[in-house]
Amino acid sequence: RQKVVIGCADRRIRIVDLSTKSTKVIIGHKNAIWALQYDNEHIISGSGDSFLKVWDVESMECLRTLCGHNGEVWCLQFDADKIVSGDAEGIAKVWDREKCAPISSIKCCPR
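Remember, predicted model here, so these are calculated numbers, not experimental data.

Definitions and cut-offs
- Residues numbered from 1 in each chain as written.
- Predicted model: local features only at pLDDT ≥ 70, side-chain atom pairs only at ≥ 80, totals over all residues.
- Heavy atoms only, no water.
- Pairing = 2+ DSSP bridges.
- Helix = DSSP H or I, 4+ residues; strand = E, 2+ residues; numbered from the N terminus.
- Axes fitted to C-alpha atoms, helices over the stretch in contact; angles between N-to-C directions.
- Core = buried A, V, L, I, M, F, W, Y, C linked by side-chain atoms within 4.5 Å.
- Buried < 20%, exposed > 50% of the residue type's maximum accessible area, 1.4 Å probe, protein only.
- Contact = heavy atoms within 4.5 Å.

Draft legend 1. Region of interest: the sheet that holds strand β2 (residues 12-17). Here we have three strands laid out as an open sheet, ordered β1-β2-β3, and antiparallel in their pairing. Bordering the open sheet on either side are β1 (3-7) and β3 (23-27), each of which pairs with just one other strand. Each strand axis lies, on average, 20 degrees off the axis of its neighbour in the sheet, ignoring direction. Here five bridges tie β2 to β3, and the two strands are oriented antiparallel to one another. The partner of V16 across the bridge, within β3, is T23.

Spelled out as structure tokens, the structure:
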């Protein structure tokens, strides 16, 4: 099945099944969702609440919450080993994906 996952300003993540047009909704952030990426197992979202969350695609359960940003999380990208996220304060963070632990923090875009 083909799915599309959408992060919304209403703090919800919507998982849309393109074949059936059915929608599932995940609620868990306290502010708009500005960044999101997913694969077959996980959704990782970044929000204006300054947190990243790792969700299980099937159960829609929040598996981990990553804390460490002071500003809104505006972007993220992950691969098999790492998550990289950037915030409104110009800070990029690199996380160990398996442990969900910070590896480094880089001031990359001065405000």
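Having put the structure on the table, let's press on.
Draft legend 2. Examining the nonpolar core more closely. Core analysis: the biggest nonpolar cluster contains 11 residues, these being A35, I44, L52, V54, L66, V73, L76, F78, I83, W95 and C100. Sorting the residues of this core by element identifies β6 (52-56) and β8 (73-78) as the ones contributing at least two each. At three residues, β8 tops the list of elements feeding residues into this core. Those residues in contact with V73, other than ones at most four positions away along the chain, are W34, A35, G46, S47, S50, F51, L52, S85, G86 and D87. Counting eight residues, the second largest nonpolar core, distinct from the first, contains V5, I13, I15 and I33.

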